[in-house]
Amino acid sequence: MPEISSTKSNGNANLAMPIFSGMVTALAVTPFMTTLDMSIIRAQLQSKTLRQALADSWKERVGVKLGRPFNIMYTVYGTTYVTANVTERICKDAGVDHKLPTCIATSIVNIIGIAWKDIRYADLMNKVPTIFSPRSYALFALRDGITISSSFVFKHDVAEYLQENVSTFFPTKRSAELFSSFLVPMVAQLFSTPLHILALDLGSQPAASVGDRLYQIAANYKTVCSGRLMRIIPAFGIGGILNDYIKGLEHAHLPSLAEVVDEATDASSALSNFGPSMNKAK
């Protein structure tokens, strides 16, 4: 019996840091994510520019008030990061490849959470509660599946490609991974934005024609896509780096925060220099 108790205790200890890391990371990104997401939905449903919507959200301090918008957002990203961290730790402790299980588990939790969050936010923006059909839920799921797969799977493939073919700009594995951590999820938003607009439009205007829906996508694409590009940076860029750093605090080989910042700076420099250098090559 003492051995069983000890094993359980070690298991709990092993999961303590992944859970703590996920909760702290979510707390760090929630204020910005709340303000931005409320603004994106406000811009579409109230026919405002993203700048106007951001100004309104800032005046209301929706990102820092411990009210419904903040709590909803923290729940979404807290469960997302904790699920990813715990699944990864359990798989590693069991000697199993963690990539696919982590991606699947995190996708399921995030897709459900983001869809729930968008519905609650849409309700907050409208006096009459928004009713979403199964089609909207399917579009929300497809939209977030694209984001999660790009953030947890495809970015590694891109990082490997960059290191093998553009090593001048990405001399280390970490610099390539940091660069792809920002680039790949941002590119994914170009394709997922129409799905986001259509899902909300199906809920707010259930009787609209196909032509009206296409018009809504075209009219709102620039504003909504800009906002979604902005939100991906703290959500899975900065947030991902912070999450990895906190998780690593229990390991002696953890690089210093200054080293992580230096690598991020190198990746940023590579991004700014890549375009001009390609133009010279032409």
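Description of the nonpolar core
Nonpolar side chains tend to gather and get buried jointly when the protein is soluble and globular. Core analysis: the largest hydrophobic core is formed by 27 residues, its most contacted members being M33, Y77, Y121, F132, F140, L200 and F236. At the level of secondary structure, the elements contributing two or more residues to this core comprise α1 (2-45), α3 (68-93), α4 (99-125), α5 (134-165), α6 (173-204) and α7 (210-247). Residue contributions to this core peak at six residues, all from α4. For Y121, the residues in contact, after removing those within four places along its chain, are T34, D37, M38, I41, P69, I72 and M73.

Overview of the confidence of the model for the chain
Here the chain shows a mean pLDDT of 79. Residues at 70 or above account for 80%. Mean pLDDT values over the elements of the chain span from 57, in helix α8 (residues 257-281), up to 91, in α3. Long-range and interchain partners of residues 1-9, a stretch whose pLDDT sits below 50, account for zero contacts in this model, where long-range means more than four residues apart.

Regarding α6
Since there are 3.6 residues in each turn of an α-helix, residues three or four apart along the chain are aligned in direction. Over its 32 residues, α6 runs 45 Å from end to end, which matches the ideal 46 Å to within 8%, given 1.5 Å per residue. At F191, α6 is deflected by roughly 45°, the largest bend along its length, and proline P194 occurs up to four residues later in sequence.

Overview of the side chain of T83
Structurally, the position occupied by T83 is in helix α3. The exposure class of T83 is buried, given its relative accessible area of 18%.

Describing the packing of α3 against α7
Helix-helix packing is described using two parameters, namely the angle between the two axes and the distance between the axes. Put simply, α3 and α7 touch, their axes get as near as 12 Å, and they point 40° apart. For the element pair α3 / α7, the angle class is oblique. Helix-helix and strand crossings are classified by hand; for α3 and α7 the assignment is right-handed. For the pair formed by α3 and α7, the contact residues are Y77, Y81, N85 and E88 on the first element and R231, A235, F236, G239, G240, N243 and K247 on the second. Each residue belonging to the contact of α3 with α7 can be placed in one class, and the counts come to four nonpolar, four polar and three charged.

Some points on helix α2 (residues 50-60)
Taken together, the buried positions of α2 are L50, A53 and S57. Each buried residue of α2 lies within a common arc of 65° when the element is viewed along its axis, so the set occupies one face. In α2, the exposed positions angled more than 90 degrees off the buried face are occupied by R51, W58 and K59.

A closer look at the pattern of salt bridges
One pass over the full model with this rule turns up four salt bridges. Residue R143 is joined to D144 by a salt bridge in which the shortest nitrogen-to-oxygen separation is 2.8 Å. Comparing R143 with D144 shows no difference in burial state: the two are buried. Residues R213 and D201 are paired through a salt bridge, measuring 2.8 Å at the closest nitrogen-oxygen approach. Here R213, found in helix α7, pairs with D201, found in helix α6; they are twelve residues apart in sequence, far enough to count as distant. Accessibility expressed as a relative area gives 9% for R213, which makes it buried. Through salt bridges with shared partners, one network takes in E88, K92 and K247.

Some points on the packing of α5 against α7
Put simply, α5 and α7 touch, their axes get as near as 12 Å, and they point 50° apart. By the angle class used here, α5 and α7 are oblique. At the point where α5 passes α7, the crossing takes the right-handed sense. For the pair α5 and α7, contact is made by R143, T147, I148, S151 and F152 and by R228, I232 and F236, respectively. Considering only residue class, the contact of α5 with α7 consists of four nonpolar, two polar and two charged.

Some words on the side chain of R231
One can find R231 in helix α7. For R231, a relative accessible area of 4% corresponds to the buried category. At 2.9 Å, the side chain of R231 and the side chain of Y77 are in polar contact.

What to know about the packing of aromatic side chains
Overall, the coordinates contain two aromatic pairs when judged by the stated rule. Summarising the aromatic geometry, the rings of Y77 and F236 are spaced 6.3 Å apart at their centres and angled 55° between planes, so their arrangement reads as tilted. Note that Y77 is positioned in helix α3 and F236 in helix α7, a separation of 159 residues in sequence. Like Y77, the residue F236 is buried in the burial classification.

Cut-off values and rules
Residues numbered from 1 in each chain as written. Predicted model: local features only at pLDDT ≥ 70, side-chain atom pairs only at ≥ 80, totals over all residues. Heavy atoms only, no water. Core = buried A, V, L, I, M, F, W, Y, C linked by side-chain atoms within 4.5 Å. Buried < 20%, exposed > 50% of the residue type's maximum accessible area, 1.4 Å probe, protein only. Helix = DSSP H or I, 4+ residues; strand = E, 2+ residues; numbered from the N terminus. Contact = heavy atoms within 4.5 Å. pLDDT = per-residue confidence, 0-100. Expected span 1.5 Å × (residues − 1). Bend = angle between axes of the 7 residues up to and from the residue. Axes fitted to C-alpha atoms, helices over the stretch in contact; angles between N-to-C directions. Parallel < 35°, antiparallel > 145°, perpendicular 65-115°, else oblique. Left-handed = near helix turned anticlockwise from the far one by under 90°. Nonpolar A, V, L, I, M, F, W, Y, C, P; charged D, E, K, R; others polar. Arc of directions from axis to C-beta. Salt bridge = Lys/Arg side-chain N within 4 Å of Asp/Glu carboxyl O. Polar contact = N/O pair within 3.5 Å; in protein donor to acceptor, adjacent residues only side chain to side chain. Phe/Tyr/Trp six-rings, centres within 6.5 Å; stacked < 30°, edge-to-face > 60°.

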